[in-house]
Amino acid sequence: MRIRTIVLIVAIVLMAGFAALNLDEFSRPSVLSLGFTTVQAPLGLVMLVLLAAVLLVFLATTLYIQSTHLLEMRQSTRALTAQRELADKAEASRFTELRQYLEAQAVAAQQREAAHGTVLAERLAQTQQVLIGKIEQSGNTLAAYIGELEDRLETRDSGSRPARADTPSLL
């Protein structure tokens, strides 16, 4: 409990105890003036009834203020909950958009990589074909040179002297 509530309860209990102890004085009749007339009534009882009436009005006002505040808090809570849900949905949609964007970027990167791989494979195949052609050409050129050298050696050997059986040939 709050301190104010405890103080209020203690004050009410003390007043009730005071009234109970002095009940004879509170119930003694006296002459009371109402302005236009006079009446005979116990002054203490009239004051206690007025005090109780003021207390009831105070409690009713407090209850009204508390209930109004509670209703406003509920409305505020509902509005905040609705705003929070709206923000969560917006954030979720942003995450969805970001995921879609990243997936699109990943697909585009894969397509670029595949295209580069295809181009690279084509260039490699072309380079391989060119290299094979160059190797064949070099082989043909080398075979032609070797054949020409053989022809020269044969013409040189056959024209100058007959080959001996004991001399090794170059080929």
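Residues numbered from 1 in each chain as written. Predicted model: local features only at pLDDT ≥ 70, side-chain atom pairs only at ≥ 80, totals over all residues. Heavy atoms only, no water.

Q: Would you take a moment to explain the overall build of the protein chain for this structure?
A: When helices and strands are counted, the protein chain shows three helices and two strands. Reading the protein chain from its N end, one meets helices and strands in the order α-α-β-β-α. Counting only C-alpha atoms, the protein chain reaches 175 × 35 × 15 Å along its principal axes. In the protein chain, buried positions account for 3% of the 171 residues. (Helix = DSSP H or I, 4+ residues; strand = E, 2+ residues; numbered from the N terminus. Buried < 20%, exposed > 50% of the residue type's maximum accessible area, 1.4 Å probe, protein only.)

Q: Even after reading the chapter, I still don't get the pairing of strand β1 (residues 29-33), so can you show me in this structure?
A: Note on strand geometry: in a regular strand, side chains alternate between the two faces of the sheet. Direction of pairing for β1 relative to strand β2 (residues 38-42): antiparallel, over a ladder of five bridges. Considered in β2, the bridge of Pro 29 is made with Pro 42. Adjacent in sequence and paired antiparallel, β1 and β2 are bridged by four residues, among which Gly 35 carries a positive phi angle near 100 degrees. (Pairing = 2+ DSSP bridges.)

Q: Would you mind showing me how to read a nonpolar patch on the surface here?
A: A cluster of nonpolar residues, Leu 8, Ile 12, Leu 56, Phe 58 and Leu 59, forms a patch on the protein surface that exposes about 440 Å² of accessible area. Breaking the nonpolar patch down by element, the ones donating at least two residues are α1 (3-21) and α3 (43-160). With three residues, the single largest contributor to the nonpolar patch is α3. Positionally, Ile 12 belongs in helix α1. (Patch = residues over 30% accessible without salt bridge, like charges linked within 9 Å, V, L, I, M, F, W, Y side chains within 5 Å. Areas by Shrake-Rupley, 256 points an atom, 1.4 Å probe, with all protein chains shown as cover. Salt bridge = Lys/Arg side-chain N within 4 Å of Asp/Glu carboxyl O.)

Q: Teacher, can you tell me more about the confidence of the model for the protein chain here?
A: The predicted coordinates should not be examined in detail at positions where pLDDT is low. Put simply, the protein chain has an average pLDDT of 87, and 92% of its residues get 70 or more. Confidence scores differ between elements of the protein chain, with helix α2 (residues 23-26) showing the lowest mean pLDDT of 82 and α3 the highest of 91. (pLDDT = per-residue confidence, 0-100.)

Q: What exactly am I supposed to notice about the pattern of salt bridges here?
A: Two side chains of opposite charge can pair, provided their charged atoms sit close to one another. Within this structure, the stated rule accounts for two salt bridges. The partner of Glu 148 in a salt bridge is Arg 152, and the shortest N-O contact between them spans 2.9 Å. In this pair, Glu 148 and Arg 152 both sit in helix α3, four residues apart, roughly one turn of the helix. For Glu 148, a relative accessible area of 39% puts it in the partly exposed group. Under the relative-accessibility criterion, Arg 152 is labelled exposed at 51%.

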